[in-house]
Amino acid sequence: MPNPIKLAIGPILFYWSKDEVQNFYLQASDSPADIVYVGESVCSRRCQLRTADWIGLARDLADAGKEVVLSALALAESEGDLIALRKLVAACAESGGRIRLEANDLGAVKVAAEAGVPFVCGPHLNVYNEATLAWFAAKGATAWVPPLEAPRSLIEPLHASRPAGMATEVFAWGKIPLAFSARCFTARHYGLKKDDCQFRCLDHADGLTLATREGQSFLTMNGIQTMSAQHYSLLAELPVLRQLGIDALRLSPQSKDFFAVLAAFDAARRDPAATPSLPPGCTEHGLCDGYWHGQAGIAKVSAEDDTLATAACGA
Amino acid sequence: MVSSSTTTNLPAPRIPHLVCPAGSLPALKAAVDNGADAVYLGFKNSTNARNFAGLNFDDKGLREGLRYARDRGREVLVAINTYPQAGRLPEWHGAVDAAADLGATAVILADVGLLAYAAERHPDLHRHLSVQGSATSYEAINFAQDAFGVRRAVLPRVLTLAQVENVVRHTTVEIEVFGFGSLCVMNEGRCWLSSYATGESPNTVGACSPAKYVRWEQDGKSMNARLNGILIDTYGEGEPAGYPTLCKGRFEVAGETGYALEEPTSLNVVELLPQIAAAGVAAIKVEGRQRSPAYVGQVTRVLRQAIDALKAPGFAVKPAWQSELAKVAEGTQVTLGAYDRPWR
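Residues numbered from 1 in each chain as written. Chains lettered and ligands numbered in written order. Predicted model: local features only at pLDDT ≥ 70, side-chain atom pairs only at ≥ 80, totals over all residues. Heavy atoms only, no water.

An unreviewed UniProt entry annotates chain B as Ubiquinone biosynthesis protein UbiU of Oryzomicrobium terrae. Chain B has a UniProt comment under Subunit (unreviewed entry) that states "Forms a heterodimer with UbiV." UniProt's Cofactor (unreviewed entry) comment on chain B is quoted here verbatim: "[4Fe-4S] cluster". (UniProt positions renumbered as here; feature names shortened; annotations may be inferred.)

As annotated in an unreviewed UniProt entry, chain A is Ubiquinone biosynthesis protein UbiV from Oryzomicrobium terrae. Recorded in UniProt under Cofactor (unreviewed entry), the annotation for chain A is "[4Fe-4S] cluster". Recorded in UniProt under Subunit (unreviewed entry), the annotation for chain A is "Forms a heterodimer with UbiU."

Caption draft 1: Geometry of the side chain of T300 of chain B. Position of T300 of chain B relative to the elements: it lies in helix α9 (residues 293–309). Excluding anything up to four places from it in sequence, T300 of chain B contacts L18, C20, A31, N34, G35 and A36 of chain B. (Helix = DSSP H or I, 4+ residues; strand = E, 2+ residues; numbered from the N terminus. Contact = heavy atoms within 4.5 Å.)

Caption draft 2: Just the pairing of strand β1 (residues 6–9) of chain A, in detail. Residues and elements named next belong to chain A. Examined bridge by bridge, β1 and strand β11 (residues 248–251) share 4 bridges and lie parallel to one another. Each residue of the ladder has a partner; that of A8, found in β11, is R250. Where β1 meets strand β2 (residues 35–38), 2 bridges bridge the pair, whose relative direction is parallel. Paired with A8 across the bridge in β2 is I35. Where the polypeptide runs from β1 across helix α1 (residues 18–29) and back to β2, its parallel neighbour, the crossover connection is right-handed. (Pairing = 2+ DSSP bridges. Right-handed = clockwise from strand over helix to strand, strands pointing away.)

Caption draft 3: Spatial organisation of the UniProt feature "binding site: [4Fe-4S] cluster" (unreviewed entry) in chain B. Residue and element names in this part refer to chain B. Residues annotated by UniProt as "binding site: [4Fe-4S] cluster" (unreviewed entry) correspond here to C184, C191, C208 and C247. A maximum C-alpha distance of 10.3 Å among these annotated residues, which run over 64 residues, shows that they cluster at one spot. Of note, C208 is situated in the loop between α7 (193–198) and β8 (214–219). By relative accessible area, which is 34% here, C208 ends up partly exposed. (Buried < 20%, exposed > 50% of the residue type's maximum accessible area, 1.4 Å probe, protein only.)

Caption draft 4: Region of interest: the packing of aromatic side chains. Tallied over the entire structure, the rule returns 19 aromatic pairs over all chains. Through successive ring pairs, a cluster of aromatic residues spans W16, F24, Y25, W54, F258 and F259 of chain A. Directly above the aromatic system of Y37 of chain A lies the positively charged group of R250 of chain A, at a separation of 4.1 Å from the ring centroid. For K285 of chain B, the ring lying beneath its charged end belongs to Y40 of chain B, and the centroid distance is 4.2 Å. (Phe/Tyr/Trp six-rings, centres within 6.5 Å; stacked < 30°, edge-to-face > 60°. Lys NZ or Arg CZ within 6 Å of the ring centre and 35° of its normal.)

Caption draft 5: Geometry of the pairing of strand β7 (residues 167–180) of chain A. Residues and elements named next belong to chain A. In terms of burial, β7 is largely enclosed, as 13 of its 14 residues are buried. Inspection of the sheet shows β7 paired to β11 by 4 bridges, in the parallel sense. Among the inter-strand pairings, E169 is bridged to a residue of β11, identified as A248. Sheet analysis places β7 next to strand β10 (residues 225–233), joined by 6 bridges and oriented antiparallel. Counterpart to P177 in the pairing with β10 is M227.

Caption draft 6: Focus on the UniProt feature "binding site: [4Fe-4S] cluster" (unreviewed entry) in chain A. Residue and element names in this part refer to chain A. With numbering matched to this structure, UniProt assigns "binding site: [4Fe-4S] cluster" (unreviewed entry) to C43, C184, C197 and C201. On the basis of their most widely separated C-alpha atoms, the annotated residues across 159 residues gather in one place, lying no more than 11.7 Å apart. With sequence-adjacent residues up to four places away left out, C184 is seen in contact with K194, G223 and I224. Here C201 lies in the loop between α7 (185–189) and β8 (208–211). Setting aside chain neighbours within four positions, we find C201 in contact with Y15, R46, T186, N222 and G223.

Caption draft 7: Main features of the interface of chain A and chain B. Each partner contributes to the interface: chain A provides 69 residues, whereas chain B provides 67 residues. When chain A packs against chain B, close to 5900 Å² is buried across both sides, 59% of that on carbon and sulfur atoms. The interface formed by chain A and chain B holds 6 salt bridges in total. In this structure, E262 of chain B engages R183 of chain A in a salt bridge whose closest nitrogen and oxygen atoms are separated by 3.1 Å. (Buried area = accessible area lost by both parts, 1.4 Å probe. Salt bridge = Lys/Arg side-chain N within 4 Å of Asp/Glu carboxyl O.)

Here it is in structure tokens:
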């Protein structure tokens, strides 16, 4: 039997306490995940874990046998952000290839490339075509995550034409990170200035829901990041992803039932005949998969998981 | 806080160039006639991040616009700032080739593969890094300079003025910042809100909240604005209704309804012009290729006067400038956006 598609635990996009983060990675260490991302990629004000703490976690996970990737900030604004980036790259360089960098902007690509550190093109690097993918490969990229809005019709030919040694990792579960801003929407909601946000993101382990004026859950506010309210799920597409030879699936962490979701994906990747079900309550506002099918991201196209989605929406 | 470094250069104060939008030939003429140093424009297709029906340039229009601007000593910058989609590279390559063949001053590009193509095929054609390229640090900008020889980078509207100055200190690439116009509150080139609601985004087809998905619906005395069925806003009787750009809609968060992300408001940096000049910024950009020639003419005229006033000592904002600009501001409100740190 060919190697099953790998499962990757994406970076934690929310602001959790240090204890919660450490417990999460203890579980991750014993989980069926092959690849684990650690690091703060959303907001540099989030400092429950310092850069050195993230690097320590990365080393522990590598010692436990995981492929580890340190995620850099998507939106680098200050000199301090660049200092943190250089520390991450130095840790990757010292790891002798055990730890890679997730580059989410061109600055991270520069620092990694100059240090000879292999990197993953994160979803915010905007790889939409074969020339760009080849260009990043020449700079030292060993994997890429397609832009989250990319449909199968874009991912399939890019994956087929990928340079030698380049792995394709598709975002397959979680609230979709849709946008970044200079403005902190969570702080604004509480009437606080960004520089005095009082770390209110800590109160919202899965973000703060934004609904239309007729009560349709639409988006999630997560500090300076805006996400989908719905959870993206490609569980039903696993047979297709396997057939295309996609190398890895990214599952994005959430506070509830994450490891049960991981178990469902693990069962599905190991047994093509299995019809694993997602745990009830793993999503508050239903599922979506429109992006994969070339439609509005919020759309739900595949019939699978409908019971769950309906139940969650009605809850 | 700006840190010091051995490689730091003190930025030299400079009078920034004024770069104005042209969605049509009349808008281009309005910009040139009112004092723009450069106009930026794009083709009528998905290579252009402002791909709106009825706007933009074909080869003939671009040739005429170029002649008009050149005859008056102004520059023409061609924005090819969407991301080439897999299997369709020739469309974007063709746009770069056309801009070079027609004699544009520069192309404004976001995609690294396209930057590499332009640098190799048209080394004499200036390359600017588009705001859609999302370069927010000098490391990113210096990388684009080393790799593609970019001469100028347009900063996304996410940095404070101190952060802009720090970027200028650490690069020899010219820095362009936004000075006036509708405020894109998200880091440009990294926003998929539009495709989440409609399937189409600035990165893919060059449009945000595309008009073909907008539906207006009378509901008793109020008016609903929907984007692909999603309720973006409801306007009461007599309340002015804006274009339903989804990040500027009114939504409910934890029981509170309002502009949860951003109000309909315009960026206006006129009062910051002395600090922007002192920071060594090379160019100030006006947003609005979708706006009318009258808007372009009026904004260009006021900003020309304000920038020219920097040349004399004792710069003072004239109330007339602000009242003229307020007339064309979105929702008639203005903001300093991210330049102002207390932004919340």
